Amino acid sequence: MAFDECAAGDALPDVSRQSMELTARWAARSRSRFDSLQSQGMDAGRIAVDTVSAIRGAVSGTQALFGIVQGGSDLDLRRESLSRTREIGFDGYAIGGLSVGEEKSVMWRVINHLAPEMPANQPRYLMGVGTPEDLVEAVSRGVDMFDCVLPTRNGRTGQAFTSRGKMNLKNAQWSSDTRPLDDSCECAVCKRHSRAYLRHLCMSGELLASILLSHHNLAFFLDTMRRVRQSIRSGDFTKFRREFTEGLKAYEGEKALST
Ligand SMILES: [Zn+2]
């Protein structure tokens, strides 16, 4: 990633502009430094990024350089940031400065505004997002790649993401539940351990709880994206999105029934 500066969500317009200008200057410097290191053979080599699968097939250590679009919630600034980043030219393009505490509707408005202007044949990366439903929603709006702390951060606080919604393992309802976290998950934790045992680890303050829940959460996120790719390839993404989103509400429905 090129260096960037992310202005605060409630920054005044001229502060957002200065921040976007700084990001554009840093982008140009990052690009030229990256290129000079590559041409001097001081880096492990370059990935030619045509498709996401080209990244997966790349030799370990080789690199691509992404530019980052900033501009806060100001759509004109965003558009200018994207066009200046594209002018410099990068292997992929990231949308930064979202998911930093603003209303979710602001994030979708910015993505809707930017996605049609982004190169179709280069990866689009939404930084710092998000929940499983956010990932699927953002894909439907044209995003390819994500990164987020949620799988591990929530894993450390006793929360599991599953195909039926988010579970808080500290809740008493799981105390004698012998089922795995998620019946449809193939991860090592779901193969070996019950909800009741994982809850016991959480309640006892065992470090192992954080490790096992993080492992499962990462497996669930990666599996979600694998299913997204598969459904796009087979032309079933709309159906997948509907069923996936419905499934996530299962625990909420059960809670409503039991109260
Ligand atoms: Zn699992």
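See the structure printed just above.
What counts as what
- Residues numbered from 1 in each chain as written.
- Predicted model: local features only at pLDDT ≥ 70, side-chain atom pairs only at ≥ 80, totals over all residues.
- Heavy atoms only, no water.
- Helix = DSSP H or I, 4+ residues; strand = E, 2+ residues; numbered from the N terminus.
- Polar contact = N/O pair within 3.5 Å; in protein donor to acceptor, adjacent residues only side chain to side chain.
- Contact = heavy atoms within 4.5 Å.
- Salt bridge = Lys/Arg side-chain N within 4 Å of Asp/Glu carboxyl O.
- Buried < 20%, exposed > 50% of the residue type's maximum accessible area, 1.4 Å probe, protein only.
- Phe/Tyr/Trp six-rings, centres within 6.5 Å; stacked < 30°, edge-to-face > 60°.
- Expected span 1.5 Å × (residues − 1).
- Donors = N, O, S within 2.8 Å, 3.2 Å for Na, K, Ca; no water.
- Tetrahedral: all angles 85-135°; square planar, octahedral: opposite > 155°, others 65-115°.
- Core = buried A, V, L, I, M, F, W, Y, C linked by side-chain atoms within 4.5 Å.
- Patch = residues over 30% accessible without salt bridge, like charges linked within 9 Å, V, L, I, M, F, W, Y side chains within 5 Å.
- Areas by Shrake-Rupley, 256 points an atom, 1.4 Å probe, with all protein chains shown as cover.

Draft legend 1. Quick peek at the side chain of His 113. On the secondary structure map, His 113 appears in helix H4 (residues 104–114). A polar atom in the side chain of His 113 sits 3.2 Å from the backbone oxygen of Leu 75. Ignoring any residue separated from it by four or fewer positions in sequence, one finds His 113 in contact with Leu 75 and Arg 79.

Draft legend 2. Spatial organisation of the pattern of salt bridges. Applying the stated rule across the entire model yields 14 salt bridges. Where Glu 117 meets Arg 79, a salt bridge forms, and the shortest distance between an N and an O atom there is 3.4 Å. With Glu 117 in the loop between H4 and strand E3 (124–126) and Arg 79 in helix H3 (residues 75–88), this pair connects stretches of sequence that are 38 residues apart. Assessed through its relative accessible area of 34%, Glu 117 is described here as partly exposed. For Arg 79, a relative accessible area of 39% gives the class partly exposed. The residue Arg 195 makes a salt bridge to Asp 177 at a minimum N-O spacing of 3.1 Å. Taken as a pair, Arg 195 in helix H8 (residues 195–203) and Asp 177 in the loop between strand E6 (165–168) and helix H7 (188–192) lie far apart in primary sequence, 18 residues in all. Overall, the relative accessible area of 2% leaves Arg 195 in the buried class. Via salt bridges that share partners, Arg 17, Glu 21, Glu 80 and Arg 84 belong to a single interconnected network.

Draft legend 3. How the structure looks around the packing of aromatic side chains. The final tally for this structure, using the stated rule, is eight aromatic pairs. Each ring, one from Phe 66 and one from Tyr 125, has its centre 6.4 Å from the other, and the planes form 75°; the classification is edge-to-face. Note that Phe 66 is positioned in strand E1 (residues 66–69) and Tyr 125 in strand E3, a separation of 59 residues in sequence. Between the aromatic rings of Phe 240 and Phe 244, the centroid separation amounts to 5.4 Å while the plane-to-plane angle is 25°, which identifies the pairing as stacked.

Draft legend 4. View of helix H1 (residues 13–39). Taking 1.5 Å of rise per residue, 27 residues should cover 39 Å, and H1 covers 39 Å from first to last C-alpha, within 8% of that figure. Inspection of H1 places Ser 16, Ser 19, Met 20, Leu 22, Thr 23, Ala 24, Ala 27, Ser 30, Arg 31, Phe 34 and Gln 38 among the buried residues, and these make up the whole buried set. Of the surrounding elements, those touching the buried residues of H1 are E1 and H3. In the stretch just after H1, Gly 41 is the one whose phi turns positive, near 70°.

Draft legend 5. Inspection of the environment of Gly 96 at higher detail. Within the secondary structure layout, Gly 96 lies in the loop between strand E2 (92–95) and H4. A relative accessible area of 1% means that Gly 96 is categorised as buried. Beyond its immediate chain neighbours, meaning those up to four positions away, Gly 96 contacts Ile 68, Val 69, Gln 70, Arg 78 and Met 127.

Draft legend 6. The arrangement of the coordination of the zinc ion in detail. Donor atoms from the polypeptide that bind the zinc ion are Cys 185 (SG), Cys 187 (SG), Cys 190 (SG) and His 216 (ND1), placed at 2.1 to 2.3 Å. Geometry at the zinc ion is tetrahedral, judged from the four donor atoms that bind it and their angles of 98 to 118° at the metal. Each donor residue of the zinc ion belongs to the same chain, and together they define the spacing C-x1-C-x2-C-x25-H. Remark: His 216 occurs in helix H9 (residues 207–233) and Cys 190 occurs in helix H7; sequence separation between them is 26 residues. Given the relative accessible area of 8%, Cys 190 is considered buried. The class for His 216 is buried, based on a relative accessible area of 0%.

Draft legend 7. Structural detail: the nonpolar core. Core analysis: the biggest nonpolar cluster contains 35 residues, and Ile 95, Leu 98, Ile 111, Leu 114, Leu 126, Phe 146 and Val 228 have the highest contact counts within it. Among the secondary structure elements, those contributing two or more residues to this core are H1, E2, H4, helix H5 (132–140), H9 and helix H10 (237–247). In terms of residue count, the dominant contributor to this core is H4 (six residues). Each residue touching Ile 95, except ones within four places of it in the same chain, is listed here: Val 69, Arg 78, Ile 111, Leu 114, Met 118, Tyr 125, Leu 126 and Met 127.

Draft legend 8. Spotlight on a nonpolar patch on the surface. Judged by side-chain polarity, Tyr 197, Leu 207, Leu 208 and Ile 211 come together as a nonpolar surface patch covering roughly 380 Å² of accessible area. Per-element accounting of the nonpolar patch gives the leading share, three residues, to H9. Among the structural elements, Ile 211 can be located in helix H9. Residue Ile 211 is classed as partly exposed on the basis of its relative accessible area of 48%.

Draft legend 9. Layout of unusual backbone geometry. A cis amide bond, omega 10°, links Val 129 with the succeeding residue Gly 130. For Gly 130, the location among the structural elements is in the loop between E3 and H5. The backbone of Ser 99 sits at a positive phi, close to 60°, despite the residue not being glycine. Residue placement: Ser 99 occurs in the loop between E2 and H4. When its relative accessible area of 38% is taken as the criterion, Ser 99 is described as partly exposed.

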